[in-house]
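# Commentary on secondary and tertiary structure
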Amino acid sequence: ALFLADFLDRDLTTARKQNLMKALGQIKAVETWDKLVEVIQNEDENTYVRMYAAEAIGVMEKEESIEVLLDLFDDDPNIRTYAIKGLSYFNNEDVENLVIQGLKDNYYKVRLEAIEVVKKCEYKAAVPSLLYRAKNDSEATVKYACFEALALLDTKEGNEYLISLVKDTKKSDTLRSKAAASMLKYENADSVKAVVEVALSVLEDTKKTALRYALGKEIAKYENSQFKEVCEAFLASKDVSTQGIGLDIWKKNHYITLKDKVKEIAEAEKPSANKSKAKLILETE
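Everything in this summary refers to the structure shown in the same document.

Cut-offs applied
Residues numbered from 1 in each chain as written. Predicted model: local features only at pLDDT ≥ 70, side-chain atom pairs only at ≥ 80, totals over all residues. Heavy atoms only, no water. Axes fitted to C-alpha atoms, helices over the stretch in contact; angles between N-to-C directions. Helix = DSSP H or I, 4+ residues; strand = E, 2+ residues; numbered from the N terminus. Parallel < 35°, antiparallel > 145°, perpendicular 65-115°, else oblique. Left-handed = near helix turned anticlockwise from the far one by under 90°. Contact = heavy atoms within 4.5 Å. Nonpolar A, V, L, I, M, F, W, Y, C, P; charged D, E, K, R; others polar. Core = buried A, V, L, I, M, F, W, Y, C linked by side-chain atoms within 4.5 Å. Buried < 20%, exposed > 50% of the residue type's maximum accessible area, 1.4 Å probe, protein only. Phe/Tyr/Trp six-rings, centres within 6.5 Å; stacked < 30°, edge-to-face > 60°. Lys NZ or Arg CZ within 6 Å of the ring centre and 35° of its normal.

## Description of the packing of helix α10 (residues 140-153) against helix α12 (residues 173-186)
- Two numbers describe how α10 lies on α12: the axes approach to 8 Å, and their chain directions differ by 30°. Between α10 and α12, the interaxial angle falls into the category roughly parallel. Note that α10 runs across α12; the crossing there is right-handed. Only Thr 174, Leu 175, Lys 178, Ala 179, Ser 182, Met 183, Lys 185 and Tyr 186 of α12 make contact with α10, whose side of the interface consists of Lys 143, Tyr 144, Phe 147, Glu 148, Ala 151 and Leu 152.
- Class assignment for the residues of the contact of α10 with α12 results in 8 nonpolar, 2 polar and 4 charged.

In structure tokens:
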């Protein structure tokens, strides 16, 4: 740390300064805290150097960093983003309030970073703001991040919204599948039931093929007894891709009562991609 600190007084290129800030944070070089604060507060310094310095003093977990980072919220939006990164290493009321405020920031990267901190610290007080952003944000990436945060926080309001979204036939397939992906990741029982219901409802709907595929692929990532009905329905499908996803779901869950159906696909007379896939799954079981 002291060796690296010596570089702070040298005439470095901007790129080397940036890397130095990152390194000092990674090794928690608390001895350099005062110097880093000087860098952060120097408005003539390169923005990226200041950004990485802001995160670095957060990583050091020195309580005095909180006030320094809070003061950066009238600064450049990139600086605000990294101030939130730094604050994610602390958990008190002032930090929580500022992070929730960050969800309303006019720069989308600040909002995204605030969502990450909400998830990390599990700030349930952020749910109303997350719901607003999930419904109204201009950036799709922010909406999707809100879906995951709501699923992780597992509140009544958040779960009800995600379930209503995945069931809403007027919403885009992308929004519905993204909401479903978040719900499945955190495995709330009611949410999983809703995704299964929707997956089965679009099984024969040729206008919802993309949604069927997207939901099936998400379901295939997880082990869950509730997916058995979907697996059976997908395996029985005449659509090649749907049946292939059914094989993926079975490979993950190995439902005993559906093994004969997998064997049937593996022993089909005509050669096909699913026949080969089923044989391979059975061989590696």
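On we go from here.
## Digging into the nonpolar core
- Ranked by internal contacts, the top residues of the largest apolar core, which has 94 residues, are Met 21, Leu 130 and Ile 249.
- The dominant element in this core, judged by the number of residues it contributes, is α10, at 8 residues.
- Here Leu 130 is in contact with Leu 103, Ile 115, Val 118, Cys 146, Ala 149, Leu 150 and Leu 153, once residues within four sequence places are set aside.

## Topic: the packing of aromatic side chains
- The final tally for this structure, using the stated rule, is 4 aromatic pairs.
- With a centroid separation of 6.4 Å and 45° between ring planes, the pair formed by Tyr 48 and Tyr 52 is classed as tilted. Within this pair, Tyr 48 and its partner Tyr 52 are both found in helix α4 (residues 47-59), separated by 4 residues, close to a single helical turn.
- A connected cluster of aromatic rings, assembled from ring pairs, spans Tyr 48, Tyr 52 and Tyr 82.
- Residue placement shows Lys 62 over the ring face of Trp 33; its charged tip is 5.4 Å from the ring centre.

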